[in-house]
Amino acid sequence: MAAIYSLYIINKSGGLIFHKDYGSAERMDTNDSLRLASLWHSMHAISQQLSPVFGCSGIQLLQADTFDLHCFQSLSGTKFFVVCEPGTLHMEGLLKHIYELYTDFVLKNPFYEMEMPIRCELFDVNLAQAVQKDWFALLGR
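Being a predicted model, the structure only gives us computed values, none of them experimental. (Residues numbered from 1 in each chain as written. Predicted model: local features only at pLDDT ≥ 70, side-chain atom pairs only at ≥ 80, totals over all residues. Heavy atoms only, no water.)

### With respect to the side chain of Lys 79
With respect to the helices, strands and loops of the structure, Lys 79 is situated in strand S5 (residues 79–84). Buried charged residue Lys 79 carries no salt bridge. Nearest counter-charge: Glu 115, at 9.3 Å. Excluding residues that lie within four positions of it along the chain, Lys 79 makes contacts with Tyr 8, Ile 9, Ile 10, Trp 40, His 41, His 44, Cys 71, Phe 72 and Gln 73. (Helix = DSSP H or I, 4+ residues; strand = E, 2+ residues; numbered from the N terminus. Buried < 20%, exposed > 50% of the residue type's maximum accessible area, 1.4 Å probe, protein only. Lys, Arg positive; Asp, Glu negative; His and termini not counted. Salt bridge = Lys/Arg side-chain N within 4 Å of Asp/Glu carboxyl O. Contact = heavy atoms within 4.5 Å.)

### Considering helix H2 (residues 91–107)
In an α-helix, one turn spans 3.6 residues; hence positions three or four apart end up facing the same way. When the terminal C-alpha atoms of H2 are compared, their 22 Å separation across 17 residues agrees well with the 24 Å that a helix rising 1.5 Å per residue should span. What H2 keeps buried is the set Met 91, Leu 94, Leu 95, His 97, Ile 98, Leu 101, Tyr 102, Thr 103 and Val 106. Looking at the buried residues of H2, the elements they touch are strand S1 (4–10), strand S2 (16–21), strand S4 (68–73), S5 and helix H3 (121–132). (Expected span 1.5 Å × (residues − 1).)

### Here we look at the nonpolar core
Tyr 102, Ile 118, Phe 123 and Leu 127 are the most contacted members of the largest nonpolar core, which has 24 residues in total. At seven residues, H2 tops the list of elements feeding residues into this core. Once residues within four sequence positions are removed from consideration, Tyr 102 is found in contact with Ile 17, Thr 78, Phe 80, Leu 107, Tyr 112, Ile 118 and Phe 123. Membership of the second largest hydrophobic core comes to nine residues, among which are Ile 10, Leu 16, Leu 69 and Phe 81. (Core = buried A, V, L, I, M, F, W, Y, C linked by side-chain atoms within 4.5 Å.)

Set out below in structure tokens:
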């Protein structure tokens, strides 16, 4: 399985509501994570407006020499993005599965307030299982 460096969830107004590092060598501090989430939200919104393609949903993949950044935006405007090894395939399937976990364990939690940071143990446990196990089997469902 390819290495996933980190996962971010951004609310529709650009606030970081969830961040998880997965063993990357150099971890970013909280301020850097907030800056990255804010920058990505802005770049995503600008790309939607500047795209020559009608109905563009924004940047879905950003490729660099040392990482790839895959993004999935839900209909409600919540963005899920993963920073992973360059050339990692099938991240769209993983992001959609993470969105399903988000809807099942966060949005259905009666104690969760919309647009607030995610503090849900069931979400954390199921997310860890989805990221660390061989999740390619999920793509066949």
